[in-house]
Amino acid sequence: MILPAIEFIGVDKVFPKRDGGEQKVLDNVSFTIPKGKTTVIAGRSGQGKSVTLKLILGLMRADKGSIRVDGQDVTHLRGGPLEKYRSKFGVLFQGAALFDSLSVFENVALPLRERTRKHEDEIEQLVSSTLDQLELLGHENKYPAQLSGGMRKRVGLARALQLNPEIMLFDEPTTGLDPVMTQEIYQLFDRTQERVGFTSVIVSHDIPKVFNLADQVVILNQGQMDVFSSPEEIQWSEKQHIRDIVTTTMGEIYQSQLVEQ
């Protein structure tokens, strides 16, 4: 039996409100993320998509329930064990989070210099190989301010891959990009995931573009999660909030394709 990469079991996450009340962002949520596949987490703003990633990374703690990664309960990890656990992950943030004062090469090499004892010649070889794979050779001496938005995303991905993560987390990775570049970046993610084989979790509002990558789709709404095995399956949901998302973002393209088959 293959264990899921990530499993949420009865997870609650509550935040205090200014009026003294509480906002339950996740309410007794249970779902799994399969290993080696791409899971897309979608939903309207404020529904807890980024909170879910922070819980996975241990940047926040669940108020109730447990989170398992590769079968290990990581809900209460702290200190050294938490840092070791986080080495499983690569993370690509909204703005790529590059250091403006470092060149492309230095940004990508940073994890190797900070987290390993590799010699500089080996670091240079590893970084150059990744830059080549992501079509960044020739740009290694440039600084982030000299790059387009799409190029910055590529550099961020190159840096995130340096420690060979088992799981990649993408938090709104195409924010600020035009539709053509958005599609190119998603295609890059897909090719890289297929080549490297990591588990991919993508939080995004780019519906339906990002659904083309998904082996599984999770939609968050008012603390609840609905899990679908394909974008087509979403179209057949009878839940009103799912139907609202379908109407405003996806239209009838998937459903009509299924009807024709």
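Remember, predicted model here, so these are calculated numbers, not experimental data. One numbering rule holds for all chains: residues counted from 1, following each sequence as written. Totals for whole chains, interfaces and linings use all residues, but because this is a predicted model, local features are given only for residues with pLDDT of at least 70 and pairs of side-chain atoms are given and counted only at 80 or more. The side-chain values count all of the structure's non-hydrogen atoms but skip hydrogen atoms and water molecules.

**A closer look at the sheet that holds strand β6 (residues 89–92)**
Filter applied, for reference: Between any two strands, at least two bridges found by DSSP are needed for them to pair. Put simply, DSSP marks the helices as runs of H or I at least four residues long and the strands as runs of E at least two long, and each gets a number from the N terminus on. Axes, fitted as lines to C-alpha atoms, cover a helix only where it is in contact. Angles between the N-to-C directions of the axes lie from 0 to 180 degrees.
Strand order in the open sheet made by the six strands is β6-β7-β8-β3-β9-β10, with mixed pairing throughout. Of all strands in the sheet, those with a lone pairing partner are β6 and β10 (224–228), marking the two edges. The average angle at which neighbouring strand axes cross in this sheet is 15°, direction not considered. The sheet contact formed by strand β3 (residues 38–42) and strand β9 (residues 216–221) spans four bridges and is parallel. Pairing of I41 across the sheet is with V218, part of β9.

**Examining the environment of V218**
To keep it simple, the criterion reads: Contacts are residue-level and defined by heavy atoms, with any inter-residue pair within 4.5 Å sufficient.
The topology assignment puts V218 in strand β9. C-alpha of V218 to C-alpha of Y85: the two residues are 133 residues apart in sequence and 24 Å apart in space. Setting aside residues up to four positions removed in sequence, V218 forms contacts with F31, T39, V40, I41, A42, M225, D226 and V227.

**Section: the sheet that holds strand β5 (residues 72–73)**
In spatial order, the strands read β2-β1-β4-β5; together these four strands make up an open sheet with antiparallel pairing. Whereas interior strands pair on both sides, the edge strands pair on one side only; in this sheet they are β2 (22–33) and β5. Of the strand pairs in this sheet, strand β4 (residues 64–69) and β5 are connected by two bridges, and their pairing is antiparallel. Along β5, the bridge assignment pairs V69 with Q72. Strands β1 (6–16), β2 and β4 of the sheet are contacted by helix α1 (residues 49–57), whose axis makes an angle of about 115° with β1.

**Let's talk about the packing of aromatic side chains**
Under the convention used in this document: Ring pairs shown here join Phe, Tyr and Trp side chains whose ring centres sit within 6.5 Å, with only the six-membered ring taken for Trp; geometry is labelled stacked below 30 degrees between planes, edge-to-face above 60, and tilted in between. Buried, partly exposed and exposed residues are distinguished by accessible area as a fraction of the type maximum, computed with a 1.4 Å probe on protein chains only: under 20%, between the cut-offs, and over 50%, respectively.
In total, this model carries four aromatic pairs according to the counting rule given. A centroid spacing of 6.2 Å and a plane angle of 75° characterise the contact between Y186 and F189, whose relative ring orientation is edge-to-face. Linking Y186 with F189, this pair stays in helix α6 (residues 179–196), spanning three residues, or about one helical turn. By relative accessible area, which is 4% here, F189 ends up buried.

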